[in-house]
Amino acid sequence: MALESRITQEEIKKEPEKPIDREKTCPLLLRVFTTNNGRHHRVDEFVRGNVPSSELQIYTWMDATLKELTSLVKEVYPEARKKGTHFSFAIVYPDPRGKMYRLKDIGSTMSGRKGADDSMTLQSQRFQIGDYLDIAITPPNRAPPLNARMRPF
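As the structure is a prediction and not an experimental result, all values here were calculated from the model.

1. Some points on the overall build of the protein
Then, number 1: Summing up its helical and strand segments, the protein has two helices and five strands in all.
Then, number 2: Listed by position from the N terminus, the elements making up the protein come as α-β-β-α-β-β-β.
Then, number 3: The buried share of the protein, taken over its 153 residues, is 35%.
Then, number 4: Pairs at least 24 residues apart make up 68% of the contacts formed inside the protein by residues separated by at least 6 positions.
Then, number 5: Summed over its atoms, the accessible surface of the protein is roughly 10,700 Å², and 52% of this surface lies on carbon and sulfur atoms.

Next up, the structure:
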């Protein structure tokens, strides 16, 4: 009689995150690149050791939430503090098969509103030390740009 595993892919992805003791764990340097036009940087801006000029350096932990990162960015950019400002997060990571980078959308937050992605952590999105974080900031008076999944037709 053969035994068959009944573990689904969703159960594998929902591995419990190990709690991080911030008193005993050294923080990592998170290199964050921001835009205020609502669009992420192009991946070709990260080639051959080059990076965009709009860099923030944040010391944080792998259990940092998107809402926590949003508040840190708002400390540096007062114009992003306005209620309704949209923050779209993406991880920029090196393509293991080539010399280029890839961009993976991981979630979004909004100033002054609670959202489904607020409690998402870097660890839950498989962020690795050495990856970059790209944040597209959209002011409240402009709608966030449509991405490929959100077509108007």
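2. Considering the side chain of Asp118
Then, number 1: Structurally, the position occupied by Asp118 is in the loop between β4 (101–110) and β5 (132–138).
Then, number 2: A polar side-chain atom of Asp118 sits 2.9 Å from the main-chain amide nitrogen of Gly115.
Then, number 3: When neighbours within four sequence positions are excluded, Asp118 is seen to be in contact with Thr65, Leu66, Lys67, Thr109 and Arg113.

3. Topic: the sheet that holds strand β2 (residues 55–60)
Then, number 1: With mixed pairing, five strands are arranged side by side in an open sheet as β2-β1-β5-β3-β4. Two strands bound the open sheet, and with one partner strand each, they are β2 and β4. Averaged over all pairs of adjacent strands, the angle between strand axes in this sheet comes to 30°, irrespective of strand direction.
Then, number 2: Across seven bridges, the pairing between strand β3 (residues 86–94) and β5 is antiparallel. Residue Ser88 lies in a different strand from β5, and its bridge partner there is Ala136.
Then, number 3: Across the sheet, helix α2 (residues 66–76) is in contact with β1 (28–35), β2, β3, β4 and β5; its angle to β4 comes to roughly 85°.

4. Side note on the nonpolar core
Then, number 1: Judged by nonpolar contacts, the single largest core of 21 residues is most densely connected at Leu30, Leu69, Phe89, Leu133 and Ile135.
Then, number 2: Of all the secondary structure elements, the ones that give two or more residues to this core are β1, β2, α2, β3 and β5.
Then, number 3: The contact partners of Leu30, leaving out residues within four places of it in the chain, are Leu56, Gln57, Ile58, Thr60, Leu69, Leu122, Phe127 and Leu133.
Then, number 4: Counting residues in each nonpolar core, the second largest holds five residues, with Phe33, Phe46, Tyr101 and Tyr132 among its members.

5. Examining the pairing of β1
Then, number 1: Extensive coverage of β1 is indicated by the burial of six of its eight residues.
Then, number 2: Bridging between β1 and β2 involves six bridges; their strand directions are antiparallel. When the bridges of β2 are listed, Leu30 appears paired with Ile58.
Then, number 3: Strand direction decides the pairing type here: β1 and β5, joined by five bridges, are parallel. By the bridge assignment, Thr35 is partnered in β5 with Ala136.

Calculation notes
Residues numbered from 1 in each chain as written. Predicted model: local features only at pLDDT ≥ 70, side-chain atom pairs only at ≥ 80, totals over all residues. Heavy atoms only, no water. Helix = DSSP H or I, 4+ residues; strand = E, 2+ residues; numbered from the N terminus. Buried < 20%, exposed > 50% of the residue type's maximum accessible area, 1.4 Å probe, protein only. Contact = heavy atoms within 4.5 Å. Areas by Shrake-Rupley, 256 points an atom, 1.4 Å probe, with all protein chains shown as cover. Polar contact = N/O pair within 3.5 Å; in protein donor to acceptor, adjacent residues only side chain to side chain. Pairing = 2+ DSSP bridges. Axes fitted to C-alpha atoms, helices over the stretch in contact; angles between N-to-C directions. Core = buried A, V, L, I, M, F, W, Y, C linked by side-chain atoms within 4.5 Å.

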